[in-house]
Every structure is written in structure tokens, then in C-alpha cells.
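As a plain string of letters, each chain reads:
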Amino acid sequence: MTGAAGTVAGVIAPAAVAGDAAAVPRGRGPGRPGAPRDALRRELRGMWVATVENLDWPAEPGLSAAAQRAGLTAFLDEAVDRRLNAVVLQVRPSADALWPSPHEPWAACLTGVQGRDPGWDPLGTAVQEAHARGLELHAWFNPYRVANHTDLSRLSAAHPARLHPAWVLPYGGKLYYNPGLPEVRAFVQDAMLDAVRRYDIDAVHWDDYFYPYPVAGQSFADGPAYAKYGAGFPDKAAWRRDNTDKLVREMSGRIKALKPGVRFGISPFGVWRNASTDPLGSRTEAGVQTYDDLHADTRGWIKKGWIDYICPQLYWNIGFAPADYAELVPWWGEVVRGTGVDLFIGEALYKAGDPAQPAAWQDPAELSRHVDLAAGHDQARGHVYFSGNSVVRDRIGAMDRVVADHYQVRARPPR
């Protein structure tokens, strides 16, 4: 299954996945379970719209510019109809771009041919049309993923990965930029900041891709970079975490220097570390821990103030023993407490009604219970739903239930 912000790992073991104008302030609607909220409380209500492999949009590659634009605005209209206030649009899915970037080719999801001009500016249009509807537009970037295959020759001739093959490593059937190379970190920041510079986006948004999810029997071949740059670190894992720290810290500083009003948010896999690994961790038994397996110290970034919001992908039902939603919401709430970092919760709408999922996900009220539970934790300031097509299709009415129970009137996003 596809996770909220790209490939999501399984809880027990990593599993590859295919992967505003001001709104009227509002609170929780009357009659719903739980105590009412302050009517002036701000909260984020968002949905991800994924473009990699045409997951949500465009519906297929090669559509006309008019058809692509109509499809995009249909998602924005859906967000308005659901009384959401933010759309998180994937604009750099595979080291390519949904705007006329001087650094990277046009995204393959638009025309079916990487580097081919689609005849319009999707990101520019998305910002304009979102703001016209009172929605925030968070631009979602993947820093290091190059391709969901390992054949450099399939990339466009002018792709930076072909021009700089030493920047790229194959792993798990995919291509990644090597996070251990300083020139790679500088390049990917430059590529993303071009969009910040050009457009009135409300936030830069990253998902859970840093170092890749572990693949059994394979090693990420960054030994030469470690030999060159790893002096002074106790082991390769510490060096890798420092590389990811540098990416986050540097990007944060550059965004604020360029446009102080643009927020920087990250949506990681939902478990930093299990308490059995680290007493500061959550009471979970997850098979993936971001600190250890993705070399991403998500808790540390919050404590150091490098990000403006965290949106952990809490893609498990209430009562799911290895990673209980009811355990993780308060854990993340305590992590952000007193830091000034907003906590939003990533929600697995795509699981609702999926017959392969546990019984809890067959109940249309499961996600509404998530919103109720989070409302009891003062640090939780909103929810983001994966993903656009799941919001539109709403297989068993789970999104309808959330809207009826909690989104009866509109709300301003936190600022």
C-alpha cells in the first residue's frame, strides 16, 4: 500500500510501497463524541495529492494541459467541499519538477516523457488556484529519490543524475542520490529552493524518504563517501544521521533567509524509536525506527527548532498492538510540547475499507475516532489525509464521517 508521503514501511517489517484566503474560524461541531473545542482554535485539515507514478494526479500521463488543469482544480474543489484548508501537492516526485526548473527536468508524470514541457505551469497554477479557494498550498518535495528503477539511461538526457552518475546509488530496485556527498546536499537544496523563490507557497513539505528503507540482504553502497567524510564519527550510522541533520538544518536556514513566512514541515514514518531501544521512545514494537533505520532523528529536529511542523504518519488503528495510534499521539504531543513546533497527524484514509486491513479499518468511524482522540491532546493541531483519490472515492464513507463529526464549518490553519 502507498503511504502518506511516499513509500511507507510496515510496522513489523519494512514493506515497499508503490511507494488561502482567510477561512472562517470554527471549532468542532456540536453533538459529536467528546468535549467541544474552542471555536477560535486553528487546526490544519489537509490532504496529500501524490503525483509519483500518477498515483493521484494527473490521472494518467500525456493528458492535455487543459485536462491536467481540470483534474488539479477538481482536487482543490474537493478540499473545499470537505472543508479542508490545505493541500499538500507533490511537486518533485523523482528528482524532476512540476514547474519550469533550471535545475531539473519536467516530471515524467505530466507527459509520460521526462523533460518534455507540458505546456503549462502546474505548481504556479496550483498556488494561484488554491489561494483563490482559501486553501494553503504546501509544496511536497522528495530530496533524494531519483527513480523507481535502477536504469540511468531511462532518465532524460539532461537529468543531473546522468550528468553526475557518481552522485547516484542503486538500492532496492531504485535510484537515490547519495546523502553523504556535500555536493548532493547543496544541489537538492538549490533545486527545491527554486520553487520557494518563484512561488507564493505556504510551506515546504518533506515526507519519509531520507536514507532508504532497509531491504533485506542489500547494503547501501556509501562506503567510499564514508571513507572520505566520516572521520570523527563513531560509526557509519552516526555519520549518516549527521548527513540527514545537515540537510534539514541547512534547508531550514535557507528557507528562512529567503522567505521567513514559508513554513518547513516534515512527515516522517510514525515511530522515532521504540522504548525498548531508547527509554525516550514510544511504547511500540515497530520493525522500522526512523533514528536507526532511516538515519533521521525526527525527535531531535523538533527539539532543536529546525522545523515548523511535524506530521508523523500514524497509519495504524487504535489498539493496534505493535504501534497503537492511542500510544503514538500522546508521545508525539509530549515531544513537541514547549518547542513551538506544530504537531499534525498523518492519517491512513487509504486503509479504510481495504479488505486486506484489520477489522478496525472496515469501520467507517475509525478515522473519526482518531480525530476525537487527538482532540484530547492539546499539542495535536490537525490532520492530513492520504491521499487525494482516497478522499474523493471515500470507499466506505470514512471521510464523510470525519467531515460530519468534526468539520461542520471551516477553520483557519495554524500560523
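Residues numbered from 1 in each chain as written. Predicted model: local features only at pLDDT ≥ 70, side-chain atom pairs only at ≥ 80, totals over all residues. Heavy atoms only, no water.

A. Looking closely at the overall build of the chain. The number of helices and strands found in the chain is 13 helices and 11 strands. Its C-alpha atoms give the chain a radius of gyration of 20 Å, near enough to 22 Å, the size a compact globule of 415 residues would have. With respect to the principal axes defined by its C-alpha atoms, the chain has extents near 60 × 55 × 45 Å. Sorting the 415 residues of the chain into buried and exposed places 61% on the buried side. Only carbon and sulfur atoms are counted for the fraction: they give 53% of the accessible area of the chain, which is about 14700 Å². Positive and negative side-chain charges of the chain, numbering 45 and 47 respectively, have mean locations separated by a distance of 3 Å. (Helix = DSSP H or I, 4+ residues; strand = E, 2+ residues; numbered from the N terminus. Rg over C-alpha atoms; globule rule 2.2 N^0.38 Å. Buried < 20%, exposed > 50% of the residue type's maximum accessible area, 1.4 Å probe, protein only. Areas by Shrake-Rupley, 256 points an atom, 1.4 Å probe, with all protein chains shown as cover. Lys, Arg positive; Asp, Glu negative; His and termini not counted. Charge placed at Lys NZ, Arg CZ, Asp CG, Glu CD.)

B. Inspection of the pattern of salt bridges at higher detail. All chains considered together, the criterion is met by 27 salt bridges. A salt bridge links Asp 222 to Arg 240; the nearest nitrogen and oxygen atoms lie 2.9 Å apart. Linking Asp 222 in the loop between strand S7 (203-206) and helix H6 (223-229) with Arg 240 in helix H7 (residues 236-258), this pair joins segments that are 18 residues apart in sequence. When salt bridges that share partners are traced, they join Arg 69, Asp 77, Glu 129 and Arg 133 into one network. (Salt bridge = Lys/Arg side-chain N within 4 Å of Asp/Glu carboxyl O.)

C. Examining the side chain of Asp 278 more closely. Looking at the element boundaries, Asp 278 is found in the loop between strand S8 (263-266) and helix H8 (290-293). One polar contact links the side chain of Asp 278 to the main-chain amide nitrogen of Leu 280, over a distance of 2.8 Å. What Asp 278 contacts, discounting residues up to four positions off in sequence, is Trp 272 and Arg 273. (Polar contact = N/O pair within 3.5 Å; in protein donor to acceptor, adjacent residues only side chain to side chain. Contact = heavy atoms within 4.5 Å.)

D. Broad picture of the packing of aromatic side chains. According to the stated counting rule, one finds 22 aromatic pairs in the structure shown. With 5.8 Å between their ring centres and 80° between their planes, Tyr 211 and Phe 220 make a pair best called edge-to-face. With relative accessibility at 8%, the residue Phe 220 sits in the buried group. Put simply, the rings of Trp 48, Tyr 315, Tyr 350 and Phe 386 touch in pairs and so form one group of aromatic residues. One Lys or Arg, Arg 273, reaches over the ring of Trp 272 and ends 6.0 Å from the middle of that ring. When the ring centre of Trp 272 is taken as origin, the NZ or CZ atom of Arg 299, which lies over that ring, is 5.5 Å away. (Phe/Tyr/Trp six-rings, centres within 6.5 Å; stacked < 30°, edge-to-face > 60°. Lys NZ or Arg CZ within 6 Å of the ring centre and 35° of its normal.)

E. Representation of unusual backbone geometry in the model. Pro 58 follows Trp 57 through a cis peptide bond whose omega is -15°. Looking at the element boundaries, Pro 58 is found in the loop between strand S1 (44-49) and helix H1 (65-81). Of note, the bond from Phe 386 into Ser 387 is cis; its omega dihedral lies within 30 degrees of zero at -10°. Structurally, the position occupied by Ser 387 is in the loop between strand S11 (380-385) and helix H12 (388-393).

F. Fine view of helix H13 (residues 398-406). Considered for burial, the residues of H13 that qualify are Ala 398, Met 399, Val 402, Val 403, Asp 405 and His 406. Looking at the packing, one finds that the buried side of H13 touches S1, helix H11 (366-375), S11 and H12.

G. Representation of the environment of Trp 99. By secondary structure assignment, the location of Trp 99 is in the loop between strand S2 (86-92) and helix H2 (108-111). Sequence-wise, Trp 99 and Arg 198 are 99 residues apart; in three dimensions their C-alpha atoms are separated by 9.6 Å. Look past the residues within four positions of Trp 99 in its chain and what remains in contact with it is Val 91, Trp 106, Asp 121, Leu 123, Phe 141, Ala 191, Asp 194, Ala 195, Arg 198 and Tyr 199. Side-chain polar atoms of Trp 99 contact the side chain of Asp 194, separated by 2.7 Å.

H. Expanded view of the confidence of the model for the chain. Across the chain, the average pLDDT comes to 91, with 90% of residues at 70 or higher. Long-range and interchain partners of residues 1-39, a stretch whose pLDDT sits below 50, account for 129 contacts in this model, where long-range means more than four residues apart. (pLDDT = per-residue confidence, 0-100.)

I. Inspection of helix H3 (residues 122-132) at higher detail. Across the 11 residues that make up H3, a large majority, 9, are buried. Along H3, the positions that sit buried rather than exposed are Pro 122, Leu 123, Gly 124, Thr 125, Ala 126, Val 127, Glu 129, Ala 130 and His 131. In this fold, the buried residues of H3 make contact with H1, S2, H2, strand S3 (136-141) and helix H5 (182-198). Just downstream of H3, Gly 134 is the residue with a positive phi angle, here 80°.

J. Seen up close, the packing of H11 against H13. Relative to each other, H11 and H13 sit at 35°, their axes nearing to 7 Å. Here H11 and H13 pass one another in a crossing that is right-handed. In this structure, H11 contributes Leu 367, Ser 368, Val 371 and Asp 372 to the contact, and H13 contributes Ala 398, Arg 401, Val 402, Asp 405 and His 406. Tallied by class, residues from the contact of H11 with H13 come to 4 nonpolar, 2 polar and 3 charged. (Axes fitted to C-alpha atoms, helices over the stretch in contact; angles between N-to-C directions. Left-handed = near helix turned anticlockwise from the far one by under 90°. Nonpolar A, V, L, I, M, F, W, Y, C, P; charged D, E, K, R; others polar.)

K. Broad picture of the sheet that holds strand S4 (residues 145-147). Read across the open sheet, the 3 strands follow the order S4-S6-S5; overall the sheet is antiparallel. The open sheet terminates on both sides in strands that have one partner only, identified here as S4 and strand S5 (168-171). Looking at each pair of strands side by side, their axes are set apart by 35° on average, direction ignored. As judged from the 4 bridges shared by S5 and strand S6 (residues 174-177), these two strands associate in the antiparallel manner. The residue of S6 that forms the bridge with Pro 170 is Leu 175. (Pairing = 2+ DSSP bridges.)

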